[in-house]
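# Analysis of the macromolecular model
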Amino acid sequence: MTTTPAPRVPLGSLPPREHLRLGQIATVLDVVIPVYNEERDLDPCVRRLREHLARTFPYGFRITIADNASTDRTPEVAARLDDALDEVTAVRLEEKGRGRALRAVWSLSDAPVLAYMDVDLSTDLNALLPLVAPLISGHSDLAIGSRLSRSARVVRGPKREFISRAYNLILRGSLAARFSDAQCGFKAIRGEVAARLLPMVEDTGWFFDTELLVLAERAGLRIHEVPVDWIDDPHSTVRLVRTATDDLKGVWRVGRALATGGLPLDRLARPFGDDPRDRELTGVPGGLARQLVGFCVVGGLSTLLYLGLFSLFRLGAGAQLANAAALLLSAPANTAANRRLTFGVRGRDRAVRHQAQGLVVFAIGLVLTSGSLAALDAAGGTAAHGTELAVLVSANLAATVLRFLLLRAWVFPDRERRDDDLAAPPYPSHDCNRPIGPISPIGPNDPNDLSRSAR
């Protein structure tokens with residue numbers, strides 16, 4: 001009997017999404033509850049969550065209490081729960097930060113599906129199974145609860161409602177985010193995705209999950225949204241002004257990192273399709289639609305720059321000289337922009353060669369536009385400046401189609417972009433994997449042993 005070898009997955013990419021082999025996994029879901037000074041709510045909320053999961057979740061689960069350096073009796077309450085309930089594990093971090101707690105526990109957990117929720121259980125628990133089901137089935141990579149979906153039912157004051165909607169508008173306008181609710185404390189992620197994504201996330205506080213979502217979305221991962229019923233906790237200890245300020249700083253930092261190409265997001269790419277037949281296809285265009293959009297945007301801006309330079313040079317030179325000078329000055333900017341934005345090539349490797357090839361493409365455009373001006377001149381008479389611009393725009397349209405084909409097939413071929421991805425360092429140059437602080441036990445169990453399944 002012959003066996004077909006598994007399709008080769010390129011180095012650095014994620015494997016295809018598959019339905020979890022549930023019969024071989026003791027603990028499918030690990031729900032983390034980050035807490036800070038929650039001695040009053042911790043016990044009833046954990047017991048309520050445990051009872052709900054035992055009644056409705058058909059697979060093994062674990063509830064992990066992540067204490068963020070509490071100064072009240074929270075560690076004692078967590079230790080009692082750890083000792084009394086087989087499905088509950090408690091760990092303690094000596095530094096505050098929700099993001100720090102999630103990074104620590106998720107990094108150590110062996111569960112294939114990781115989730116977290118706020119200790120106040122503001123979100124209706126009936127949304128938990130719909131949240132994690134797409135991750136178990138292999139349909140999605142991350143899942144979030146949304147309070148801003150039309151079918152969500154939310155009870156909260158106008159102040160929090162305004163802040164939440166304003167924040168998400170900022171994310172949409174500045175980072176082009178398409179998910180609807182970044183701040184809802186009700187999210188889940190597949191374990192293999194978390195292993196790749198967590199080292200790229202810098203924030204250790206409230207901006208952690210926003211940064212996680214933005215990077216996942218930019219990498220092309222699938223984010224599933226679940227409308228939730230949500231009731232605001234009037235006793236919440238979140239400092240709105242400070243949190244909003246930190247979030248805006250995080251938006252600026254992430255936006256700058258994305259603009260400069262400082263994050264190896266291609267390492268989070270999934271193979272084309274999840275059907276094995278799709279993974280055997282060859283010659284599938286890599287993001288043709290996205291490349292066309294990027295090329296059109298760059299081309300539009302480059303054309304405006306070119307026409308402006310041509311009009312400026314035309315004041316003191318002939319049409320041919322002005323055309324050549326405008327093209328020569330706009331060509332390097334056009335090549336650099338297409339290199340980064342259209343074809344996703346980052347770093348300085350082969351940048352000089354790409355610019356040289358771009359000049360060859362520029363020469364072809366020069367021949368087309370110069371020929372058009374020569375034909376206009378041969379038609380007789382002195383053409384008006386507006387006529388010259390119209391002829392140049394028409395010639396540039398023809399040159400643009402040829403330029404895109406040459407850039408895609410010759411200057412930035414798919415194979416070269418894949419080589420760039422494989423040669424990229426696994427993590428950003430800045431230290432995203434900095435220490436998260438010591439973890440110490442607050443129960444009788446080893447804090448690093450998060451593999452205890454429900455008994």
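Look above for the structure.
We now turn to the structure provided with this report. Here the structure is a predicted model, which is why all the values come from computation and not from measurement.

Cut-offs and rules
- Residues numbered from 1 in each chain as written.
- Predicted model: local features only at pLDDT ≥ 70, side-chain atom pairs only at ≥ 80, totals over all residues.
- Heavy atoms only, no water.
- Buried < 20%, exposed > 50% of the residue type's maximum accessible area, 1.4 Å probe, protein only.
- Helix = DSSP H or I, 4+ residues; strand = E, 2+ residues; numbered from the N terminus.
- Pairing = 2+ DSSP bridges.
- Right-handed = clockwise from strand over helix to strand, strands pointing away.
- Contact = heavy atoms within 4.5 Å.
- Phe/Tyr/Trp six-rings, centres within 6.5 Å; stacked < 30°, edge-to-face > 60°.
- Lys NZ or Arg CZ within 6 Å of the ring centre and 35° of its normal.
- Axes fitted to C-alpha atoms, helices over the stretch in contact; angles between N-to-C directions.
- Parallel < 35°, antiparallel > 145°, perpendicular 65-115°, else oblique.
- Left-handed = near helix turned anticlockwise from the far one by under 90°.
- Nonpolar A, V, L, I, M, F, W, Y, C, P; charged D, E, K, R; others polar.
- Salt bridge = Lys/Arg side-chain N within 4 Å of Asp/Glu carboxyl O.
- 1 Å grid on protein atoms, 1.4 Å probe; cavity = no way out; pocket = protein on both sides within 12 Å on 5 of 7 lines; lining within 4 Å.
- Points joined across faces, edges and corners; volume = space filled by probe spheres on them.

### Details of the pairing of strand β1 (residues 29–35)
Counting buried residues in β1 gives 7 out of 7 residues, a clear majority hidden from the surface. By the alternation rule, side chains of β1 split into Leu29, Val31, Ile33 and Val35 and Asp30, Val32 and Pro34, which are all buried. Bridge count between β1 and strand β2 (residues 61–68): 7 bridges; the pairing is parallel. Following the sheet pairing, Val31 is matched in β2 by Ile63. After leaving β1, the chain enters helix α1 (residues 42–56) and then returns to the sheet as β2, a path that is right-handed. Here β1 pairs with strand β4 (residues 113–117) via 4 bridges, running parallel. What sits directly across from Val31, in β4, is Ala115.

### Comments concerning the side chain of Gln357
Counting through the fold element by element, Gln357 comes out in helix α12 (residues 351–378). Contacts of Gln357, omitting those with residues within four sequence positions, involve Trp410 and Val411.

### Some remarks on the pairing of strand β7 (residues 186–190)
On any regular strand, side chains alternate: one points to one face of the sheet, the next to the other face. Counted residue by residue, β7 has 5 buried out of 5 residues, so it is predominantly covered. Burial along β7 is two-sided: the residues Phe186, Ala188 and Arg190 and Lys187 and Ile189 are all buried. Where β4 meets β7, 5 bridges bridge the pair, whose relative direction is antiparallel. Of the residues in β7, the one forming a bridge with Ala115 is Ala188. Note: strand β5 (residues 142–146) against β7, 3 bridges, orientation antiparallel. Considered in β7, the bridge of Leu142 is made with Ile189.

### Observations concerning the packing of aromatic side chains
A full pass over the atoms with the stated rule returns 4 aromatic pairs. Ring geometry for Tyr306 and Phe310: centres 6.5 Å apart, planes at 35°, overall tilted. Note that Tyr306 and Phe310 are positioned in helix α10 (residues 288–314) at a spacing of 4 residues, about one turn of the helix. For the pair shown, Tyr306 and Phe310 are each scored as buried. Aromatic ring contacts, followed pair by pair, group Trp106, Tyr116 and Phe208 into a single cluster. For the cation-ring pair, Lys96 lies above Tyr36, with the distance from its terminal atom to the ring centre recorded as 4.1 Å. The ring of Trp230 carries the charged tip of Arg147 above its face, separated from the ring centre by 4.8 Å.

### Regarding the packing of α1 against helix α2 (residues 74–84)
Following both chains from N to C, one finds α1 and α2 inclined at 30°, their axes separated by 10 Å at the closest point. Taken together, the axes of α1 and α2 lie roughly parallel to each other. Between α1 and α2 the crossing geometry is right-handed. On α2, the residues that touch Leu42, Asp43, Val46 and Arg47 of α1 are Thr74, Val77, Ala78, Leu81 and Ala84. When grouped by side-chain class, the residues that make up the contact of α1 with α2 number 6 nonpolar, 1 polar and 2 charged.

### Examining the environment of Val360
One can find Val360 in helix α12. Distance in space between the C-alpha atoms of Val360 and Leu406 is 9.8 Å, their sequence separation being 46 residues.

### A few points about the pattern of salt bridges
For the structure on display, the rule yields 21 salt bridges. The partner of Glu87 in a salt bridge is Arg50, with the nearest N and O atoms 3.0 Å apart. Residue Glu87 is found in the loop between α2 and β3 (88–93), and its partner Arg50 is found in helix α1; the two are separated by 37 residues along the sequence. You can call Glu87 buried: its relative accessible area is 8%. Its salt-bridge partner being Arg98, residue Asp118 comes within 3.9 Å of it at the nearest N-O pair. Residue Asp118 is found in the loop between β4 and α4 (128–137), and its partner Arg98 is found in helix α3 (residues 98–108); the two are separated by 20 residues along the sequence. By relative accessible area, which is 9% here, Arg98 ends up buried. A cluster of three or more residues bridged by salt bridges with shared partners is formed by Arg98, Asp118, Lys187 and Asp209.

### Quick notes on empty space enclosed by the protein
By rolling a water-sized probe across the atoms, one finds the places where empty space is left. Evaluation of the coordinates by the stated rule reveals 3 cavities of 30 Å³ or more. One number sums up the size of the largest cavity: a volume of about 220 Å³. Lining the largest cavity are 17 residues, and of these Leu327, Ser330, Ala331, Asn334 and Arg403 lie nearest its centre. Listing elements by their share of the lining of the largest cavity, those giving two or more residues are α10, α11 (319–342), α12 and α13 (385–411).

Functional significance is not addressed by these values, which are geometric in nature.
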